[in-house]
Amino acid sequence: MIEEKGKIWLNGALVDHGDAKIHVLTHGLHYGTGVFEGMRCYRTADGNSAIFRLQDHMQRLIDSGRIYFMDLGFSRQQLEQAAIETVKANGMDECYIRPIAFYGYGKMGVNPMPNKVSVAIAVWKWDEYIKGSGEEKGARLMVSSWARLDPRTMPMHAKATANYANSALARVEAIKAGFDEAIMLNPSGMVVEASAENIFIVEKDGSLATPPTSSGALAGITRESVITIARENGIPCEERNISRDELYVADEVFLTGTAAEIKPVGEIDNRTIGRDGGRPGRVTKQLKALFDAVVHGKDGKFSKKWLAPVS
């Protein structure tokens, strides 16, 4: 549960948590006309805090808004500073950060453009996003009966609130069936991603494969980070279509996302993954350690480039 205290940045000002309110006839609430981001702030090795890939996340928020004809009314630099100010105002050295932009209260009807766009940034403590995944055992996943949205129906390069109604149906289905998370296929039957995370498999030769964004997968920033870190450390990674049955015979499977970070997968559709009884594999553990070093400021190359200090 989110604690109802602290500050939320709303349309250019920090307000008390309980005062960050919108009207019940807000357009984004009725028609899903909103875009959002998810970022994390980490405590670094020098004792300070930093936001991981702040610039990239805020640029994607602006790009998502552009797809929906949204003028956010703030520059990327202003949004970056607002995120830093919100973290500082809440006195949190580690937290999840949620910027969101949406068409607000004004005129009802499918056309959102007569309405003003509102922008907000909230922070909270979010530790274990996917239950059941840990050091000893990977998460249990199922392939959802719900297909991922076809890119011809919704713009999948926009991180839009409307897209996640599809994700919510898949996640609820999985949880009610006793699993931790869902895997979604596209209308062609190829693997796309989990309900809110990108997915990777580890091949027999130790290389990585992940579905391309052309499959309908979000161009995840954690996904791109993992690909970059892997290649820098001599682990090849291919972006290609992956079939459902390839998941079952992969040496390892793991998920990536801002909230989930890197999460090992132990079972898919009641089939144990890998050779170690569903426990996290060697490559997954290696990448997790490398990623953790980056976000906590212990990596000499990527930390400097990807961490925005909160000062």
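Just so it is clear, the structure is predicted and the values come from calculations on it, not from any experiment.

A few points about the domain arrangement of the protein chain
What the domain assignment lists for the protein chain is domain 1 (7–124) and domain 2 (139–295). Across the boundary between the two partners, domain 1 contributes 21 residues, which contact 22 residues of domain 2. Roughly 1800 Å² of surface becomes buried between domain 1 and domain 2 when both sides are summed, with 62% attributable to carbon and sulfur atoms. When the buried area of domain 1 at its contact with domain 2 is split by residue, Phe36, Phe52 and Arg60 rank highest and sum to 33% of it. Where domain 1 packs against domain 2, one counts 2 salt bridges. Of the charged contacts in the structure, one is a salt bridge between Arg53 and Glu224, with a shortest N-O distance of 2.4 Å. Residue assignment for the side of domain 1 that touches domain 2 shows that the elements contributing at least two residues are strand S3 (34–36), strand S4 (39–43), helix H2 (54–67) and strand S6 (95–103). Among the elements that line the side of domain 1 that touches domain 2, the one with the most residues is H2, at 5 residues.

Focus on the packing of aromatic side chains
What the rule picks out here adds up to 9 aromatic pairs. Ring centres 5.0 Å apart and planes at 5° place the aromatic pair Phe200 and Phe254 in the stacked group. In this pair, Phe200 sits in strand S11 (residues 198–202) while Phe254 sits in strand S14 (residues 252–257), placing the two residues 54 residues apart along the sequence. Like Phe254, Phe200 is buried. Geometrically, the ring pair formed by Phe302 and Trp306 is stacked, given 4.7 Å between the ring centres and 20° between the ring planes. Placement of both Phe302 and Trp306 in helix H8 (residues 302–306) is noted, with a separation of 4 residues, approximately one turn of the helix. An identical accessibility class is assigned to Phe302 and Trp306; each is buried. By way of ring pairs, the aromatic residues Phe52, Phe291, Phe302 and Trp306 are connected into one cluster. The positively charged end of Arg140 is found above the aromatic ring belonging to Phe179, 4.5 Å away from the centroid. Of note, Arg271 hangs over the ring of Tyr248, and the distance from its end group to the ring centre comes to 4.1 Å.

Concerning the packing of H2 against helix H3 (residues 76–89)
Where H2 contacts H3, the axes come no closer than 9 Å and their chain directions differ by 125°. In terms of axis orientation, H2 runs oblique to H3. The element H2 and its partner H3 pack so that their crossing is right-handed. Here Leu54, Gln55, Met58, Gln59, Leu61 and Ile62 of H2 lie close against H3, whose contacting residues are Arg76, Leu79, Glu80, Ala83 and Ile84. Classifying every residue of the contact of H2 with H3 by side-chain character gives 7 nonpolar, 2 polar and 2 charged.

Some words on the layout of surface pockets
Where empty space is left in the structure can be found by rolling a water-sized probe over the atoms. Computed from the structure, the second largest pocket encloses a volume of approximately 360 Å³. Looking at the second largest pocket, it is lined by 15 residues, and the ones nearest its centre are Ile2, Glu3, Lys5, Val123 and Trp124. Secondary-structure elements contributing two or more residues to the lining of the second largest pocket are strand S1 (7–10) and strand S7 (117–124). Top contributing element to the lining of the second largest pocket by residue count: S7, with 3 residues. Broken down by class, the residue content of the lining of the second largest pocket amounts to 7 nonpolar, 3 polar and 5 charged.

Some remarks on a nonpolar patch on the surface
Residues Val24, Leu25, Leu29, Tyr31, Tyr105, Met108 and Val110 make up a contiguous nonpolar surface patch of roughly 700 Å² in combined accessible area. Classification of Tyr31 by relative accessible area gives partly exposed; the value is 37%.

Some thoughts on the pairing of strand S8 (residues 139–143)
Judged by how many residues are buried, S8 sits mostly within the fold: 4 of 5 residues are covered. Two elements, S8 and strand S15 (residues 261–268), share 3 bridges in a ladder whose sense is parallel. In the strand pairing of S15, Ala139 is matched with Val265. Pairing of S8 with strand S9 (residues 181–185) involves 3 bridges; the strand directions are parallel. Among the inter-strand pairings, Leu141 is bridged to a residue of S9, identified as Glu181.

Let's talk about empty space enclosed by the protein
Inspection of the entire model under this criterion finds 2 cavities of 30 Å³ or more. Looking at the largest cavity, its volume works out to about 80 Å³. Taken together, Arg148, Met156, Ala158, Asn163, Tyr164, Ser167, Glu193, Gly216, Ala217 and Leu218 make up the full set of residues lining the largest cavity. Of the pockets and cavities examined, the second largest cavity occupies roughly 50 Å³.

What about H3?
With 14 residues, H3 should reach 20 Å at 1.5 Å per residue; the first-to-last C-alpha distance of 20 Å fits that figure. Restricting attention to buried positions, one finds in H3 the residues Arg76, Leu79, Glu80, Ala82, Ala83, Ile84, Thr86 and Val87. Following H3 by one or two positions, Gly91 has its phi on the positive side, about 60°.

The rules behind each value
- Residues numbered from 1 in each chain as written.
- Predicted model: local features only at pLDDT ≥ 70, side-chain atom pairs only at ≥ 80, totals over all residues.
- Heavy atoms only, no water.
- Domains from an automatic or database assignment.
- Contact = heavy atoms within 4.5 Å.
- Buried area = accessible area lost by both parts, 1.4 Å probe.
- Salt bridge = Lys/Arg side-chain N within 4 Å of Asp/Glu carboxyl O.
- Helix = DSSP H or I, 4+ residues; strand = E, 2+ residues; numbered from the N terminus.
- Phe/Tyr/Trp six-rings, centres within 6.5 Å; stacked < 30°, edge-to-face > 60°.
- Buried < 20%, exposed > 50% of the residue type's maximum accessible area, 1.4 Å probe, protein only.
- Lys NZ or Arg CZ within 6 Å of the ring centre and 35° of its normal.
- Axes fitted to C-alpha atoms, helices over the stretch in contact; angles between N-to-C directions.
- Parallel < 35°, antiparallel > 145°, perpendicular 65-115°, else oblique.
- Left-handed = near helix turned anticlockwise from the far one by under 90°.
- Nonpolar A, V, L, I, M, F, W, Y, C, P; charged D, E, K, R; others polar.
- 1 Å grid on protein atoms, 1.4 Å probe; cavity = no way out; pocket = protein on both sides within 12 Å on 5 of 7 lines; lining within 4 Å.
- Points joined across faces, edges and corners; volume = space filled by probe spheres on them.
- Patch = residues over 30% accessible without salt bridge, like charges linked within 9 Å, V, L, I, M, F, W, Y side chains within 5 Å.
- Areas by Shrake-Rupley, 256 points an atom, 1.4 Å probe, with all protein chains shown as cover.
- Pairing = 2+ DSSP bridges.
- Expected span 1.5 Å × (residues − 1).

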